[in-house]
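# Architecture and fold: a report
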Amino acid sequence: MLFCSYIFVLAFLPLTVLGYFLLNKFNTTAGRCYLLAASLFFYGYFNVSYLFLLLGSLLINYCIGAVLTHWRKRWLLLTGYLINLLILGYCKYYDFFVGNINDLFGTDWVLLNMMLPLGISFFTFQQISYLSDVYYQVLEEKYSPLTYSLFVTFFPQLVAGPIVLANEMMPQFAKKENHSVNYHNLSCGIFIFALGLAKKMLLADNTAPIADAVFYMSDPGVADSLIGSLAYCLQIYFDFSGYCDMAIGIGLMFNIVLPVNFLAPYRSGNIQEFWRTWHITLGRFLGQFVYRPLGGSRNGKVRTYLNLGITFLVSGLWHGANWMMILWGALHGVAIILHRIWSKELKFQMPKWLGVSVTFIFVWLAWIFFRAENMAQALKVFRGFGDFSAEKFAATRENLDTDSLIIMAVALGIIFFLPPANSFKDKFKPQLWHLVTALVLIVCSVFCFNRISPFIYFNF
């Protein structure tokens, strides 16, 4: 079930919010059971067979956590990590590694051709962080299986993040004041949800066809490559930003504050700042469970650069089990290392406008490898940047829809000149214009539901 679908907007979401708070008036346990059941229904709606994988993961991790509470053994914590990673690896990476082994050694091992269980990376990482919090006694108290299950399965963040931590989520489900309707949170949540929905439907899904046309073009010219790659740069921005806004908005409707996961990353003055503002919770997780265990920056410059490179290779592999994603991660790793040398060792600093320009152009071009299905497709787009032939310009002018350029111009204006949706949360005061804006955006978005596409981050 997509956030941007008739069944979700017109039925599932309002019925879940209404049922949750109505039941809480009589019994908060019943209300939370209802919310858990709704979250499991939401997940099972995509593919009911993977619901059993989610439930099995819940059971295994809660039991390991319960044992760790009373018997803090490092080998048990590492066993919990290993079980989670083996499940994730089998479902997400088995075909990638076996396929490469077959290609290298001429073997004929059978591939699974398994459809990736939705959100498996997200709920796996969350439960790894839970086991860590239990082992290191970060959690202040022991929570019930019901609260733990809600922490993992809460539907706004279940399938595409943010990757939430147990100590920032579980206490919220236990707070008594969060069990009653908070009209400020409800109105703010609806407003932010409407902004996110409009980003997805009116911007991301309208730039997607422009990008697709160029990436599947046999011989693009410079205008095609520029417009098509920029269109994808805008598509993934508003697709992910829209999802993050919708998740935060829905969470607020239930009085649950989800962590900020996206904060105007294209305005970043350097690549390090970009990764502090793009998929913030993934960066937090990789820092805690990959970069720091490798040694972080504690063992000299060379080791620090190596650790950064490995962390970004893991980030690329997390985004997809293919070589294009690994290459994309490697490019960002090299960029981070070069930035560190430039800023830490050489003590140089670019003017803000130049830093933003260089960072944006690098991220834009790197997205080509992220979007391309193979190296040949990526190189085709890059070759187009050097084709200035008159006939290619004429073909581009003939085929390009003026509305598409307007949409892209509006998208760029929003990115660089308007405040991020997250900024409304802290200073929000319900006013009539909020209601009117939310209604207009939701109605306009609903009219576009006949051509929706899944969120890009559903693939990860």
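The structure we're discussing is the one just above.
Here's a quick rundown of the structure. (Residues numbered from 1 in each chain as written. Predicted model: local features only at pLDDT ≥ 70, side-chain atom pairs only at ≥ 80, totals over all residues. Heavy atoms only, no water.)

## Looking at the overall build of the protein chain
Of regular secondary structure, the protein chain possesses 20 helices and 0 strands. Considering only C-alpha atoms, the protein chain reaches an extent of 70 × 55 × 50 Å along its principal axes. Burial analysis of the protein chain (460 residues in total) assigns 54% to the buried set. Long-range pairs, those at least 24 residues apart, make up 77% of the contacts in the protein chain with a sequence separation of at least 6. On the protein chain, roughly 20900 Å² of surface is accessible, and the fraction owed to carbon and sulfur atoms is 67%. (Helix = DSSP H or I, 4+ residues; strand = E, 2+ residues; numbered from the N terminus. Buried < 20%, exposed > 50% of the residue type's maximum accessible area, 1.4 Å probe, protein only. Contact = heavy atoms within 4.5 Å. Areas by Shrake-Rupley, 256 points an atom, 1.4 Å probe, with all protein chains shown as cover.)

## Some points on the side chain of N84
Among the secondary structure elements, N84 is positioned in helix 4 (residues 74-105). Among residues more than four places away in sequence, those in contact with N84 are S57, N61, T124, Q127, I128 and L131.

## Some words on the packing of helix 2 (residues 28-46) against helix 6 (residues 145-153)
Remark: helix 2 packs on helix 6, axes separated minimally by 10 Å, with the N-to-C direction vectors making an angle of 35 degrees. As helix 2 packs across helix 6, the resulting crossing turns out to be left-handed. Here helix 2 contributes T29, R32, C33, L35, L36, S39 and L40 to the contact with helix 6, which in turn contributes L146, T147, S149, L150 and T153. Taken together, the residues of the contact of helix 2 with helix 6 sort by class into 6 nonpolar, 5 polar and 1 charged. (Axes fitted to C-alpha atoms, helices over the stretch in contact; angles between N-to-C directions. Left-handed = near helix turned anticlockwise from the far one by under 90°. Nonpolar A, V, L, I, M, F, W, Y, C, P; charged D, E, K, R; others polar.)

## Quick look at the layout of surface pockets
Reported here for the largest pocket is a volume of approximately 810 Å³. In terms of lining, the largest pocket is formed by 31 residues, of which the most central are M325, R371, I456, N459 and F460. Mapped by element, the contributors of at least two residues to the lining of the largest pocket are helix 4, helix 9 (183-215), helix 10 (222-253), helix 14 (323-345) and helix 15 (352-371). (1 Å grid on protein atoms, 1.4 Å probe; cavity = no way out; pocket = protein on both sides within 12 Å on 5 of 7 lines; lining within 4 Å. Points joined across faces, edges and corners; volume = space filled by probe spheres on them.)

## Remarks on the pattern of salt bridges
Within the structure shown, the criterion is met by 7 salt bridges. A salt bridge links K200 to D205; the shortest N-O distance between them is 3.0 Å. The buried category is assigned to K200, whose relative accessible area is 0%. For the salt bridge of K200 with D239, the shortest nitrogen-to-oxygen distance reads 2.7 Å. Placement of the pair is K200 in helix 9 and D239 in helix 10, with a sequence separation of 39 residues. Note on D239: relative accessible area 2%, which makes it buried. (Salt bridge = Lys/Arg side-chain N within 4 Å of Asp/Glu carboxyl O.)

## Some thoughts on the nonpolar core
Formed by 144 residues in total, the largest nonpolar core has its most connected members in F8, Y130, F254, Y266, W278, W367 and Y457. At 18 residues, the largest contribution of residues to this core is made by helix 10. Among all residues touching Y266, those that are not within four sequence positions of it are C233, I236, Y237, F274, W278, V356, F360, V363, W367, I415 and F416. (Core = buried A, V, L, I, M, F, W, Y, C linked by side-chain atoms within 4.5 Å.)

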